[in-house]
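# Architecture and fold: a report
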Amino acid sequence: MTAFKISSRAAAYLLFVLSLLLHSKTSAYPIITDVDEGDTKCFNFNVPDDDDAHMVFMVLPDEVDDTVEEWFNSRMHEMTSKGSSMFMKALPEVSKEIHQKIAGDEYNGRSNVYLKVTVPKRPVLRHQMFMWYAPIVVMNVVKAAQRGKANDRSGPPPSEYTVCFENKNSGEQQGVKVLFDVVLLSDEGQEDALQNSIIKKEHLTPLEKNFQEGIKAANTILNEMKYMERREARMRHTAESTNAKIRFFSYVSVVVLLGVSFLQRTYLKSYFKKKKLM
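Just so it is clear, the structure is predicted and the values come from calculations on it, not from any experiment.

### Some points on the packing of aromatic side chains
By the definition in use, this model includes eleven aromatic pairs. Relative to Phe180, the ring of Phe57 lies with its centre 6.4 Å away and its plane at 25 degrees, an arrangement referred to as stacked. In this pair, Phe57 is assigned in strand β3 (residues 51-61) and Phe180 in strand β8 (residues 176-186), connecting sequence segments 123 residues apart. Both residues of the pair, Phe57 and Phe180, belong to the buried class. Seen from their ring centres, Phe130 and Phe165 are 6.4 Å apart, and the 45 degrees between their planes marks the pair as tilted.

### Observations concerning the layout of surface pockets
Reported here for the second largest pocket is a volume of approximately 430 Å³. Taken together, 16 residues form the lining of the second largest pocket, with Thr33, Asp34, Lys41, Thr238 and Ser241 sitting closest to its centre. Looking at the lining of the second largest pocket, the elements that each hand over two or more residues are β1 (31-35), β2 (40-46) and α6 (206-274). It is α6 that provides the largest number of residues to the lining of the second largest pocket, a total of six residues.

### A few points about the sheet that holds strand β4 (residues 110-118)
On the basis of which strands lie adjacent, the open sheet formed by four strands has the order β2-β7-β4-β5 and antiparallel pairing. The outermost strands of the open sheet, each flanked by one partner alone, are β2 and β5 (126-131). The average angle at which neighbouring strand axes cross in this sheet is 20 degrees, direction not considered.

### Looking at the pattern of salt bridges
For side chains of opposite charge, pairing can occur when their charged atoms come near one another. Following the criterion strictly, the structure yields three salt bridges and no others. For Lys177, the salt bridge goes to Glu69, with nearest N and O atoms at 2.9 Å. In this pair, Lys177 sits in strand β8 while Glu69 sits in helix α2 (residues 66-79), placing the two residues 108 residues apart along the sequence. Residue classification places Lys177 among the buried residues on the basis of a relative accessible area of 16%.

### What to know about the confidence of the model for the protein chain
In the predicted model, the protein chain carries a mean pLDDT of 78, and 76% of its residues have values of at least 70. Counted against residues more than four places away or in other chains, residues 1-6, with its pLDDT under 50, gives zero contacts. Residue range residues 16-26 is modelled with pLDDT below 50. Its contacts to residues more than four positions away, or to other chains, number seven contacts.

### Side note on unusual backbone geometry
The phi dihedral of Lys121 falls on the positive side, at around 60 degrees, and the residue is not glycine. As for its position among the elements, Lys121 is in the loop between β4 and β5. Positive phi outside glycine occurs at Asn140, with the angle close to 50 degrees. The residue Asn140 is located in the loop between β6 (136-138) and α4 (141-147) in this model. Under the relative-accessibility criterion, Asn140 is labelled partly exposed at 24%.

### Some words on the state of the cysteines
Here a disulfide denotes a covalent bond joining the sulfur atom of one cysteine to the sulfur atom of another. Summed over all chains, the structure comprises one disulfide. The disulfide bridge from Cys42 ends at Cys164, spanning 2.0 Å between sulfur atoms. Disulfide Cys42-Cys164: the torsion about the S-S bond is 110 degrees, which places it as right-handed. Residue Cys42 is found in strand β2, and its partner Cys164 is found in strand β7 (residues 160-167); the two are separated by 122 residues along the sequence.

Calculation rules
Residues numbered from 1 in each chain as written. Predicted model: local features only at pLDDT ≥ 70, side-chain atom pairs only at ≥ 80, totals over all residues. Heavy atoms only, no water. Phe/Tyr/Trp six-rings, centres within 6.5 Å; stacked < 30°, edge-to-face > 60°. Helix = DSSP H or I, 4+ residues; strand = E, 2+ residues; numbered from the N terminus. Buried < 20%, exposed > 50% of the residue type's maximum accessible area, 1.4 Å probe, protein only. 1 Å grid on protein atoms, 1.4 Å probe; cavity = no way out; pocket = protein on both sides within 12 Å on 5 of 7 lines; lining within 4 Å. Points joined across faces, edges and corners; volume = space filled by probe spheres on them. Pairing = 2+ DSSP bridges. Axes fitted to C-alpha atoms, helices over the stretch in contact; angles between N-to-C directions. Salt bridge = Lys/Arg side-chain N within 4 Å of Asp/Glu carboxyl O. pLDDT = per-residue confidence, 0-100. Contact = heavy atoms within 4.5 Å. Disulfide = S-S within 2.5 Å.

In structure tokens:
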């Protein structure tokens, strides 16, 4: 009976490790949002307690070539992927094909699109103009927010951050695409030190060691799930906004069609009366 209990628990741990491996292989690409000329779009992010985060942003023209957008999106994904050789490093030099596509356009230098990162009751963390095709990186936003309020560190660190993109361009076809991603960082150093101090106990068995590692991995998964839930809510809000615009355009199209039909009918009726055909 005892052997059966041990084998069942071992099987449970094996399933848990497999699920963790599958989870570690899944990754999400940066979020892409459109900002029209003269418009401002904001997003809210929550960082779990005892964690920190890096934020990466980039602005592209609205009519950018699909190949160029895919290249920058992939490079930024590598830049924000934990374990990647490019993690939080500068973007590599663009290929000749991409350079030819962006060298001849008018989008060079200053974009007149601004990034603003704020946290409640604290100074502005970052307010900066984008350069075309150049990323803006905000490292360790929690530590930066705490430095921004050096006179009051007795309270808990901030957890809610607001990111706004302001497009100050004017005129037609001045919309932009903003790529951005938030990389959550867990305080793994303290957890590893605590884990090592527990493992050093002589009575700790391998099964108990696996159990402690499972708890640590489960907490990491829960933090990731909460983050993905907030991200899904933001994307749902964007989809609902797009659907509302499409419905409004459909209503306007129907009104215009009815108006044109009424004008055609009135004109033909007057024409036939004038020709004494009716």
